[in-house]
Amino acid sequence: GNSVTQMEGPVTLSEEAFLTINCTYTATGYPSLFWYVQYPGEGLQLLLKATKADDKGSNKGFEATYRKETTSFHLEKGSVQVSDSAVYFCALILSGNTGKLIFGQGTTLQVKP
Amino acid sequence: DAGITQSPRHKVTETGTPVTLRCHQTENHRYMYWYRQDPGHGLRLIHYSYGVKDTDKGEVSDGYSVSRSKTEDFLLTLESATSSQTSVYFCAIQQGGTYEQYFGPGTRLTVT
């Protein structure tokens, strides 16, 4: 079946460190891929997306590249800030599938000053 | 801001009672979704709607029903709440022409 697997958290980093959160997927067909972020006590916000192989999504200093050969969509940021502390969700949608998002389990990021 | 509100934001109810959660949107989006969020599971789709009176089941629909009598409102009903339905419930809309979904602020439901 279709699924998304994220690295286990929590991830704890110092401010200005490099961030990688791994995400791999299993899908029948060619999905669109997303990263969502959830700040404490809030709903999910769309962070970035990529709709086809080799596309790079980027937003607010975060980047992720759609790698079809490794079925991955790892999230990266060169220098994290305390304000980036949140839960990050990787997700996929199959085209023509009435928008049923399939989420990974989420990865908690804690950035310390 | 996709103009999505959810009510109530917090609710505590007893096992066996009916509960209805409301999602309201102001931008006339066709597709609306209900998810639940539980630790270790991410978000899981309960039901979705692709138009007025057009709904379908998601991954975890048992024990839930939905209704959509107007474009702007999507209701989720727990006919007889159980402790396993203690969760945070999120409503979402899909931006027309894309697969981007935008979420409401959530409803925290506790069933005692």
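Everything here concerns the structure above.
Bear in mind that the values here come from a model prediction, so they are computed numbers and not experimental data. (Residues numbered from 1 in each chain as written. Chains lettered and ligands numbered in written order. Predicted model: local features only at pLDDT ≥ 70, side-chain atom pairs only at ≥ 80, totals over all residues. Heavy atoms only, no water.)

Colleague: An account of the state of the cysteines is needed here, citing residue identities and associated values.
Modeller: A complete count under the given rule lists two disulfides over all chains for this structure. Shown here is the disulfide that connects Cys23 of chain A with Cys90 of chain A, its sulfur atoms set 2.0 Å apart. Across the disulfide from Cys23 of chain A to Cys90 of chain A, rotation about the S-S bond amounts to roughly -70 degrees, and the bridge is consequently left-handed. With a gap of 67 residues between them, Cys23 of chain A in strand S4 (residues 23-26) and Cys90 of chain A in strand S10 (residues 86-94) connect regions that are remote in the sequence. Comparing Cys23 of chain A with Cys90 of chain A shows no difference in burial state: the two are buried. At a sulfur-sulfur separation of 1.9 Å, the disulfide partner of Cys23 of chain B is Cys91 of chain B. Linking Cys23 of chain B and Cys91 of chain B, the disulfide has an S-S dihedral of approximately -70 degrees and is accordingly described as left-handed. Separated by 68 residues along the polypeptide, Cys23 of chain B in strand S3 (residues 19-25) and Cys91 of chain B in strand S9 (residues 87-94) bring together distant segments of the chain. (Disulfide = S-S within 2.5 Å. Helix = DSSP H or I, 4+ residues; strand = E, 2+ residues; numbered from the N terminus. Buried < 20%, exposed > 50% of the residue type's maximum accessible area, 1.4 Å probe, protein only.)

Colleague: Lay out the sheet that holds strand S9 (residues 75-77) of chain A with the relevant residues and their values.
Modeller: All names here are of chain A. The strand order across the open sheet formed by four strands is S3-S9-S8-S7, and the pairing between neighbours is antiparallel. Of all strands in the sheet, those bounded by a partner on one side alone are strand S3 (19-21) and strand S7 (56-59). With direction set aside, neighbouring strand axes in the sheet form an average angle of 20 degrees. Where S7 lies against strand S8 (residues 62-65), four bridges are found, and the strand directions are antiparallel. Within S8, the position partnered with Lys56 by the bridge is Thr65. (Pairing = 2+ DSSP bridges. Axes fitted to C-alpha atoms, helices over the stretch in contact; angles between N-to-C directions.)

Colleague: How would you summarise the pattern of salt bridges if you had to cite specific residues and measurements?
Modeller: Applying the stated criterion to the full structure yields eight salt bridges over all chains. One salt bridge in this structure joins Lys52 of chain A and Asp55 of chain A, with 3.3 Å as the shortest N-O distance. Residue class for Lys52 of chain A comes out exposed when judged on its relative accessible area of 52%. Across the pair Glu63 of chain A and Lys56 of chain A runs a salt bridge whose closest N-O atoms are separated by 3.7 Å. Glu63 of chain A gets classed as partly exposed once you look at its relative accessible area, which sits at 34%. Lys56 of chain A sits in the exposed class, given a relative accessible area of 53%. Put simply, Arg22, Lys70 and Asp73 of chain B are held in one network by salt bridges that share partners. (Salt bridge = Lys/Arg side-chain N within 4 Å of Asp/Glu carboxyl O.)

Colleague: Give a description of the packing of aromatic side chains that names residues and reports values.
Modeller: Under the counting rule described, the total for this entry stands at 14 aromatic pairs over all chains. With 6.2 Å between their ring centres and 35 degrees between their planes, Phe34 of chain A and Tyr36 of chain A make a pair best called tilted. Each member of the pair, Phe34 of chain A as well as Tyr36 of chain A, is classed as buried. Counting every residue linked through ring pairs, the aromatic cluster contains Phe34, Tyr36, Phe89 and Phe103 of chain A together with Tyr33, Tyr35, Tyr48, Tyr50 and Phe103 of chain B. (Phe/Tyr/Trp six-rings, centres within 6.5 Å; stacked < 30°, edge-to-face > 60°.)

Colleague: Any details on the interface of chain A and chain B? Residues and values, ideally.
Modeller: Between chain A and chain B, the residue contacts involve 23 residues of the former and 22 residues of the latter. For the pair chain A and chain B, the two sides together bury roughly 1600 Å², of which 58% comes from carbon and sulfur. Scanning the region where chain A abuts chain B turns up one salt bridge. Residue assignment for the side of chain A that touches chain B shows that the elements contributing at least two residues are strand S5 (31-38), strand S6 (44-50) and S10 of chain A. When residues in the side of chain A that touches chain B are grouped by element, the largest group, four residues, is from S5 of chain A. Among the residues making up the side of chain A that touches chain B, the classes are represented as nine nonpolar, 11 polar and three charged. (Contact = heavy atoms within 4.5 Å. Buried area = accessible area lost by both parts, 1.4 Å probe. Nonpolar A, V, L, I, M, F, W, Y, C, P; charged D, E, K, R; others polar.)

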